[in-house]
Amino acid sequence: FRNLVDTTKIDKLISRAVSVKDNSPDVSLDMLKRALKQAKSAEYTSGEAMILFNLGRVYVALGDYTESNINLNSALTIFETINDTESRINTLSLLGMNHSYLGNFDQALINFQESLALAEEFNNDNITAKILNNMGGYYYSIDDLESAKISYLRSLALKEKINDIQGLGACYTNLAIICTG
């Protein structure tokens, strides 16, 4: 019974930390560090993984991609252990974006490709479309405009299929940048 109470409290702390991440990343960071201690103490493995993932996101907001990757890789290890495929996909995609920002383009592509393969296997068009959009940005950043265009077009087709209006706008904008750039 104690673990259930502890995990509910931890989940609420995670939720609050995520809700303030964009406006107050330092506050979010402190909350997540507290939650991490509690999750480890309660042996709440899936909670620990989600906290590490969100720490990775907060460190991105703070511009510390190296620290983000440390947390994301730790989360990824746990997600693999507990067979949480969707979280693995999202973690690999964020790792790909981080490595791209850091100029580690070979590792970025490896992360994106692994994320995309899992997403397609998981059969989730929404996640697949987001990854393809991220890959388009990666290809654009390395000046591979043809691969960027292909990724954006594949993402666009999926976003049309799932009627993601906001995502469609992003795809059209990205394609326009390539065509006019």
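Residues numbered from 1 in each chain as written. Predicted model: local features only at pLDDT ≥ 70, side-chain atom pairs only at ≥ 80, totals over all residues. Heavy atoms only, no water.

Colleague: Honestly, the nonpolar core in this entry has me stumped. Any pointers?
Modeller: A general feature of soluble globular proteins is that nonpolar side chains tend to end up buried together. Core analysis: the largest hydrophobic core is formed by 48 residues, its most contacted members being Ile10, Ile51, Leu55 and Ile131. In contact with Ile10, not counting residues within four places along its chain, are Ala35, Gln38, Ala39, Ala42, Tyr44 and Ile51. (Core = buried A, V, L, I, M, F, W, Y, C linked by side-chain atoms within 4.5 Å. Buried < 20%, exposed > 50% of the residue type's maximum accessible area, 1.4 Å probe, protein only. Contact = heavy atoms within 4.5 Å.)

Colleague: What exactly am I supposed to notice about helix H9 (residues 165-180) here?
Modeller: Residues three or four positions apart in an α-helix share a direction because the helix packs 3.6 residues into each turn. Over its 16 residues, H9 extends 22 Å from the first C-alpha to the last, a length consistent with the 22 Å expected when each residue adds 1.5 Å. Taken residue by residue, H9 has Gly167, Leu168, Cys171, Asn174, Leu175 and Ile178 as its buried positions. Across the axial projection of H9, the buried residues extend over an arc of 130 degrees, all falling on one side. More than 90 degrees from the buried face of H9, the exposed residues found are Ile165, Gln166 and Thr180. Turning to H9, the residues buried within the fold contact helix H7 (125-141) and helix H8 (145-161). (Helix = DSSP H or I, 4+ residues; strand = E, 2+ residues; numbered from the N terminus. Expected span 1.5 Å × (residues − 1). Arc of directions from axis to C-beta.)

Colleague: How do you make sense of the packing of aromatic side chains when you look at a structure like this?
Modeller: Remark: the centre distance and the inter-plane angle together describe each pair of aromatic rings, the angle taken between the planes. Tallying each qualifying case throughout the model produces four aromatic pairs. Between the aromatic rings of Tyr65 and Tyr101, the centroid separation amounts to 5.0 Å while the plane-to-plane angle is 45 degrees, which identifies the pairing as tilted. Residue Tyr65 is found in helix H4 (residues 65-81), and its partner Tyr101 is found in helix H5 (residues 85-102); the two are separated by 36 residues along the sequence. When the centroid spacing of 6.3 Å and the interplanar angle of 50 degrees are considered together, the rings of Phe105 and Tyr138 count as tilted. Pair noted here: Phe105 is in helix H6 (residues 105-122) and Tyr138 is in helix H7, with a separation of 33 residues, a long-range link. Through a chain of ring-to-ring contacts, the aromatic side chains of Phe105, Phe112, Tyr138 and Tyr139 assemble into a single cluster. (Phe/Tyr/Trp six-rings, centres within 6.5 Å; stacked < 30°, edge-to-face > 60°.)

Colleague: Looking at this structure, I do not really get the environment of Leu102. What am I missing?
Modeller: Note that Leu102 resides in helix H5. Assessed through its relative accessible area of 35%, Leu102 is described here as partly exposed. Distance in space between the C-alpha atoms of Leu102 and Ser46 is 28 Å, their sequence separation being 56 residues. What Leu102 contacts, discounting residues up to four positions off in sequence, is Tyr65, Thr66 and Asn69.

Colleague: Whenever I open this one, a nonpolar patch on the surface confuses me. Can you help?
Modeller: On the surface, a nonpolar cluster with roughly 240 Å² of combined accessible area is contributed by Tyr140, Leu145 and Ile177. Within the fold, Ile177 resides in helix H9. (Patch = residues over 30% accessible without salt bridge, like charges linked within 9 Å, V, L, I, M, F, W, Y side chains within 5 Å. Areas by Shrake-Rupley, 256 points an atom, 1.4 Å probe, with all protein chains shown as cover. Salt bridge = Lys/Arg side-chain N within 4 Å of Asp/Glu carboxyl O.)

Colleague: Which parts of the structure should I look at to understand unusual backbone geometry?
Modeller: Across the chain, the bulk of peptide bonds are trans and the bulk of non-glycine residues have phi less than zero. One non-glycine residue with positive phi stands out, namely Glu43, at about 55 degrees. Mapped onto the elements of the fold, Glu43 is located in the loop between helix H2 (25-41) and helix H3 (45-61). When its relative accessible area of 67% is taken as the criterion, Glu43 is described as exposed. Its identity as a non-glycine residue notwithstanding, Asn123 has a phi of 60 degrees, on the positive side. Looking at where Asn123 falls in the secondary structure, it is placed in the loop between H6 and H7.

Colleague: Would you take a moment to explain the pattern of salt bridges for this structure?
Modeller: Pairs may arise between side chains of opposite charge once their charged atoms sit close together. Counting across every chain of the model gives four salt bridges. For Asp22, the salt bridge goes to Lys21, with nearest N and O atoms at 2.7 Å. For Lys21, a relative accessible area of 11% puts it in the buried group. Between Lys159 and Asp164 there is a salt bridge, and its shortest N-O distance comes to 3.5 Å. Asp164 shares its class with Lys159; the two are buried.

Colleague: Help me out: how do you make sense of H6 in this one?
Modeller: Here H6 is 18 residues long and its end C-alpha atoms lie 25 Å apart, about the 26 Å a rise of 1.5 Å per residue gives. Of all the positions in H6, only Ala108, Asn111, Phe112, Ser115, Leu116, Leu118 and Ala119 are classed as buried. Take H6 and look down its axis: the buried residues cluster within an arc of 165 degrees, on one side only. Exposed and oriented more than 90 degrees from the buried face of H6 are Asp106 and Glu121. Contact partners of the buried residues in H6: H5, H7 and H8. Trailing H6 by a residue or two, Asn123 shows a phi angle of about 60 degrees, which is positive.

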